[in-house]
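Descriptive analysis of the structure
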Amino acid sequence: MKIAVSILFDAQYLEPALVTAFELIQRARNFRHIYLIYLAAGSSVDNEAAGIISKFCSYMGGEAVKISAITLQDTLPSFQAAHFNNSIIYKALLPSMLNHENFVLNVDAGILVGERFDVFIREITDTLCTLKCATWLISAHCSDPANLLPSKLKDQKHNTLYPAGGLLLFNMKKCREANWVHRLLSNYHHYAPSLQYAEQELICLTAEEGELLALPGADDRYTPFLGLDAMFDQSALLQENCANDCLFFKFVGTLKPWKYWVLDPNKI
């Protein structure tokens, strides 16, 4: 059995999303379908973005890989925290889309896939996606929520696991049976003013015990921050192969390599 993968993004993340899509296409043998889900905000750039995405799918798609472009209209109240916006909320609402898929792995725009990714995909396909009587809805790389939930949310009922948002595997049928989207939207409208890491906190607050499951390979991720260290200390320069010998590589935090004002030489 093969799973589908998706990348959900808005105009600000168009280029990073296509880079990640290109990375996934190189591993198309692992997937049944790749979906590029563009979140349109009704701005002047939407038509241009749609054209770029359509050309990308036409050029990169073929017999080896099925790749589709989907445009999603943004209808949620505006969310803004750090570098996050509404697109990060929609990631957790993926079960309301792609109803014909059984399992969908959403991959964050900007991720570079490492050499351990193929083994990871085979592992989750052969284990998590074949469990009989499975109760899990979402699987992610998880941590202790005590150290990560904002102080305003720590006293609220929450899961014993706190998910990272880089890779989110959705058990689509179970999510629909458990009314996941309705529950998460209800919490979003209630907790929106207190959210900092958006979909991660919402999933933690919404998932009952057993509905959130830890993905394997948490220690194989490579997620450095950009800053100023490498400008003052040459030892802070990343090694050339750091993006390869891992599950995936991504610069996390607000400082992104495609922002021209970010001066860290590691962005190269």
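Residues numbered from 1 in each chain as written. Predicted model: local features only at pLDDT ≥ 70, side-chain atom pairs only at ≥ 80, totals over all residues. Heavy atoms only, no water.

**Looking at the side chain of Glu211**
Relative to the helices and strands, Glu211 resides in the loop between helix H7 (199-206) and strand S8 (212-214). A polar contact is formed between the side chain of Glu211 and the side chain of Arg183, at a distance of 2.7 Å. (Helix = DSSP H or I, 4+ residues; strand = E, 2+ residues; numbered from the N terminus. Polar contact = N/O pair within 3.5 Å; in protein donor to acceptor, adjacent residues only side chain to side chain.)

**Notes on the pairing of strand S6 (residues 138-143)**
Bridge count for S6 against strand S7 (residues 162-171) is 5 bridges, and the pairing is antiparallel. Note on S7: the bridge partner recorded for Ala140 is Leu168. Summarising the sheet, S6 and S8 pair through 3 bridges and their orientation is parallel. Its bridge partner lying in S8, Ser139 is registered against Leu213. (Pairing = 2+ DSSP bridges.)

**Some thoughts on helix H2 (residues 46-60)**
Taking 1.5 Å per residue, 15 residues should reach 21 Å; H2 reaches 21 Å between its end C-alpha atoms and fits that length. Buried within H2 we find Asp46, Ala49, Ile53, Phe56, Cys57 and Met60. The buried side chains of H2 occupy one side of the element, clustering within an arc of 95 degrees when seen end-on. Projecting away from the buried face of H2 at angles above 90 degrees are the exposed residues Asn47, Glu48, Lys55, Ser58 and Tyr59. (Expected span 1.5 Å × (residues − 1). Buried < 20%, exposed > 50% of the residue type's maximum accessible area, 1.4 Å probe, protein only. Arc of directions from axis to C-beta.)

**Concerning the sheet that holds strand S1 (residues 3-9)**
The strand order across the open sheet built from 7 strands is S3-S2-S1-S4-S7-S6-S8, with neighbouring strands paired in mixed fashion. On the outer flanks of this sheet lie strand S3 (67-73) and S8, each paired with one strand and no other. When the angles between neighbouring strand axes are averaged without regard to direction, this sheet yields 30 degrees. As defined by bridge partners, S1 adjoins strand S2 (residues 31-40) across 7 bridges and the pair is classed as parallel. Note that in S2 the partner of Ile7 across the bridge is Leu36. On top of the sheet, helix H4 (residues 117-126) reaches S1, S2, strand S4 (103-107), S6 and S7; it is set at about 150 degrees to S4, its chief contact. (Axes fitted to C-alpha atoms, helices over the stretch in contact; angles between N-to-C directions. Contact = heavy atoms within 4.5 Å.)

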